[in-house]
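# Structure assessment
Each chain, letter by letter, is given below.
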Amino acid sequence: AQTVTQSQPEMSVQEAETVTLSCTYDTSENNYYLFWYKQPPSRQMILVIRQEAYKQQNATENRFSVNFQKAAKSFSLKISDSQLGDTAMYFCAFMKLPGQAGNMLTFGGGTRLMVKP
Amino acid sequence: IAGITQAPTSQILAAGRRMTLRCTQDMRHNAMYWYRQDLGLGLRLIHYSNTAGTTGKGEVPDGYSVSRANTDDFPLTLASAVPSQTSVYFCASRQGSNTEAFFGQGTRLTVV
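Source: prediction; values computed, not measured.

What follows concerns the packing of aromatic side chains. Enumeration according to the criterion identifies 15 aromatic pairs over all chains in this entry. Of the aromatic side chains, those joined through ring pairs into one cluster are A:Tyr33, A:Phe35, A:Tyr37, A:Phe91, A:Phe107, B:Tyr33, B:Tyr35 and B:Phe103.

As structure tokens, then:
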């Protein structure tokens, strides 16, 4: 079974600054996907970024980027130029390859991020 | 608007009562999931269905049951609610060949 751990229950950052959220995971799979989801106060689950484990290049989406360290099983999210709208709960998640048995999302416990003006 | 819809949005339920949370998607996704979200624990999988007519148990299935009579609907039933089932429940769907999951807006359930 896979496990996902987010060791920072809460974080805060000043507007326009950069913040990094940590995530580690445990799996025996060699190929898989990793995700960061954002959950604002509206409760909506929003996919922020996705990383394919067999790709060495770190994924980026505008102000969001990841630092994927496969050997260390680490998958951190960096938010640059933080904005007030980034205030939310952030979840790290793992998934096996599509088509494999048991390929549902496994989530970490979440990190609550507050962006301060 | 295509998507996934949950009902009700919130509910207060007396302990011992039976409750069904509804989930409907119009994207023709074959896989559907029920998660519960609790502070510090993230989202934990309750039950899943890879295709209509099949269901499976997730990480925390006790006290819950599901059915998948057709592609669109995936109801979650609490046969006899207990206070520990107080949580926010999310339904999600995904096309099996894709990686992106789509989530409903959640149901906040309080069992008193």
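Turning to the pattern of salt bridges, a few remarks are in order. Within this structure, the stated rule accounts for 7 salt bridges over all chains. A salt bridge links A:Lys55 to A:Glu52, with the nearest nitrogen and oxygen atoms 3.1 Å apart. Exposure remark for A:Lys55: the relative accessible area of 43% places this residue in the partly exposed category. Linking B:Asp38 and B:Arg36 is a salt bridge whose minimum nitrogen-to-oxygen distance equals 2.8 Å. Across the pair, B:Arg36 and B:Asp38 agree in class, each one buried. A single salt-bridge network, built from bridges that share partners, covers B:Arg36, B:Asp38 and B:Arg44.

Reading guide: rules and limits
Residues numbered from 1 in each chain as written. Chains lettered and ligands numbered in written order. Predicted model: local features only at pLDDT ≥ 70, side-chain atom pairs only at ≥ 80, totals over all residues. Heavy atoms only, no water. Phe/Tyr/Trp six-rings, centres within 6.5 Å; stacked < 30°, edge-to-face > 60°. Salt bridge = Lys/Arg side-chain N within 4 Å of Asp/Glu carboxyl O. Buried < 20%, exposed > 50% of the residue type's maximum accessible area, 1.4 Å probe, protein only.

Geometric values such as these leave the question of function open.
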